[in-house]
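Structure at a glance
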Amino acid sequence: MQPRPIKDFALPSPDSRRPVAATGAALAGSLAGLEFARAAHAAGSDVVRIGMVGCGNRGTGACREALLTEGPKRLVAVGDLFPERIEFSLKNLLKSDDINSSIDVPDGRRFVGFDAYQRVIDAGVDLVLLATPPHFRPIHYAAAVAAGKHTFLEKPLCVDAPGYRQLLAANAEAKRQKLTVVVGLQRRHQRNYLEGIAKIHDGAIGQVTHIRTYFNVPAGGRSGMLRPAGMSELEYQIRHWGVFLWLCGDHLVEQATHQVDIANWVMDAHPQSANGLGGREVRRGPGNGDIWDHHTIEFEYEGGVRYFCQARQQAGAWSHVSETVHGTQGTLVLGTGPWGFGDLTPRDLRDKTRVRENPYRREHDNLFASIRGSGPYRLDAEYGAVSSMTAVLGRMATYSGQLVTWDEAVKSQLRLAPNRYAWDADPPVTADAAGAYPAAVPGVTHAW
């Protein structure tokens, strides 16, 4: 089943009782007269009350880093579609003596269901950590802005153009209200990238001619697991969101957005067009969702600068992650390895001797400094939205087999979503009798 087009870009709220405005005018109107939280923490002495939406590994990790920042803060509310995720997350957070005294989440502030995000937002929080599957990010972000909350957004920020446009509307209102928004593109807070890109912008390698990035890894998602008897199709797909297009945007969007963001950062712009190719060589058959396992894209920026992007999830193939920028007077490798530190992992970076180098900690330090008024104001969702949409542009090009322009991509009415959010709802894609899902076919698929 192909994703369905729509006539406008208003995304429905998971809770129909709480509609989410999508256009800038509607969003601004819904916020008239609200008071906002940034000023309440400008003195740096008030407790920042945190709500977490999405209690998987990423949400739990972001919450841990948030609770390790300087100054008073407290986790007071959590929400997820699945109650066991909440219990698992809190159990792990409470194990740490460094943060357990900052956790106060009684049963009455543990929310489950499609409206859990709104209930967390309404639970007296100042800051919301949004780490659900990417499909839900624009909906949840718009709701947080509508309530005047600061937010941390895990990447990517959208999986389609309607979601991108909703992000832009929310960004405009967040900026008007001086709400802090930080995005989980941690390389923007990482010293080797900050220093390297500063050198490029200062002319160290001359004029940029082309960029190469790779996010080639052994595997991803949760492939090969069939839907258990008695579980609805929608629940199955959400539980295995990493292999379904409408939920993750494809691994090109879900993972390689890091590399795409680096290219946009280097160029201080988004590309004008993209063409590419890819497919499914190993991710086939029942239990493997509907996303591809490899992509190669050529993005073109204004002035003719090319950015060549590889993204692959195949076991036994060359595994390599890096970002290299070529110029008229030299070449600079910005980072290597999945986290940009070669062989170092996030676990290594948690060592107390490496705190100053840990970009996951630094992004939350910067988040809280902005909220408290003790550091520069940050609205990272502006570049986060553009980089996420750039990755979506790349997917549109590979899935369709066509050259797609930026303007064509951002105007797309193709929305990747079910008609409603309920466990008995039909998802955008369904399996055949054997449990296999149809995937995009270049030259056939309408991808934007």
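Small disclaimer: the values here were computed from a predicted structure and weren't measured. (Residues numbered from 1 in each chain as written. Predicted model: local features only at pLDDT ≥ 70, side-chain atom pairs only at ≥ 80, totals over all residues. Heavy atoms only, no water.)

**Here we look at the sheet that holds strand 7 (residues 208-217)**
So the rule is basically this: For two strands to count as paired, DSSP must find a minimum of two bridges between them. Secondary structure elements follow DSSP: runs of H or I of four or more residues count as helices, runs of E of two or more count as strands, with numbering from the N terminus. Contacts between residues were defined by any pair of non-hydrogen atoms, one from each residue, lying within 4.5 Å. For helices, the fitted line uses only the C-alpha atoms of the stretch in contact; every axis is such a line through C-alpha atoms, and the angle between N-to-C directions lies from 0 to 180 degrees.
The strand order 12-11-7-10-9-8-13 describes an open sheet built from seven strands, whose pairing is mixed. The open sheet has two free edges, formed respectively by strand 12 (330-336) and strand 13 (404-405), since each of these has just one partner strand. Note that strand 8 (residues 273-279) and strand 9 (residues 294-300) share seven bridges and pair antiparallel. Residue pairing across strands places Gly-276 opposite Ile-297, the latter belonging to strand 9. Running over the sheet, helix 11 (residues 257-267) touches strand 7, strand 10 (306-313), strand 11 (320-327) and strand 12 and is turned about 165° from strand 7.

**Some remarks on the sheet that holds strand 4 (residues 127-130)**
Sheet architecture is open: six strands sit in the order 3-2-1-4-5-6, paired in parallel fashion. Edge positions in the sheet fall to strand 3 (110-112) and strand 6 (181-183), since each of these pairs with one other strand and no more. Averaged over all neighbouring strand pairs, the angle between strand axes comes to 20°, with direction disregarded. Bridge count for strand 1 (residues 48-53) against strand 2 (residues 73-80) is six bridges, and the pairing is parallel. The partner of Val-53 across the bridge, within strand 2, is Gly-79.

**Points about the packing of helix 7 (residues 191-201) against helix 11**
Stated formally: Note on residue classes: Ala, Val, Leu, Ile, Met, Phe, Trp, Tyr, Cys and Pro are nonpolar, Asp, Glu, Lys and Arg are charged, and everything else, Gly too, is polar.
Helix 11 packs onto helix 7 with a crossing angle of 35° between their chain directions and a minimal axis gap of 9 Å. Across the interface between the two elements, Tyr-193, Leu-194, Ile-197, Ile-200 and His-201 from helix 7 touch Ile-262, Trp-265 and Val-266 from helix 11. Residues that form the contact of helix 7 with helix 11 fall into these classes: seven nonpolar, one polar and no charged.

**What about the confidence of the model for the protein chain?**
Formally: Per-residue confidence from the predictor is reported as pLDDT, a score between 0 and 100.
The predicted model of the protein chain averages 90 in pLDDT, with 89% of residues at 70 or higher. Predicted confidence for residues 1-45 stays below pLDDT 50, and this span has 112 contacts to residues more than four positions away or in other chains.

**Quick look at the packing of helix 11 against helix 14 (residues 381-400)**
Our working definition: Should an angle fall under 35 degrees it is taken as roughly parallel, and over 145 as roughly antiparallel, whereas 65 to 115 is taken as roughly perpendicular and any remaining angle as oblique. Crossing handedness follows the turn of the near helix against the far one: under a right angle anticlockwise gives a left-handed crossing, and clockwise gives a right-handed one.
Contact pair helix 11 / helix 14: the axes reach a minimum separation of 9 Å and the direction vectors enclose 115°. Taken as axis vectors, helix 11 and helix 14 run roughly perpendicular relative to one another. For helix 11 against helix 14, the interelement crossing comes out right-handed. In this structure, helix 11 uses Thr-257, Val-260, Asp-261 and Asn-264 to contact helix 14, whose residues at the interface are Tyr-383, Val-386, Ser-387, Ser-388, Thr-390 and Ala-391.

**Observations regarding helix 13 (residues 359-372)**
Quick note on the threshold: Take the residue count of a helix, subtract one, and multiply by 1.5 Å to get its expected span. Only protein chains enter the accessibility calculation, which uses a 1.4 Å probe. A residue is then buried if its area is under 20% of the maximum for its type, exposed if over 50%, and partly exposed in between. The term polar contact refers here to a pair of N or O atoms within 3.5 Å; inside protein, the definition further demands a hydrogen-donor-capable atom paired with an acceptor-capable atom, and it admits residues adjacent in sequence only when both atoms are side-chain atoms.
In this model, helix 13 (14 residues) spans 20 Å end to end at C-alpha, consistent with the 20 Å of a helix rising 1.5 Å per residue. With 11 of 14 residues buried, helix 13 lies mostly within the body of the structure. Among all positions in helix 13, only Pro-359, Tyr-360, Arg-361, Glu-363, His-364, Leu-367, Phe-368, Ala-369, Ser-370, Ile-371 and Arg-372 are buried. The N-cap residue of helix 13 is Asn-358: its side-chain oxygen and the backbone nitrogen of Tyr-360 are 2.9 Å apart. Positive backbone phi, approximately 80°, marks Gly-373, located one or two places after helix 13.

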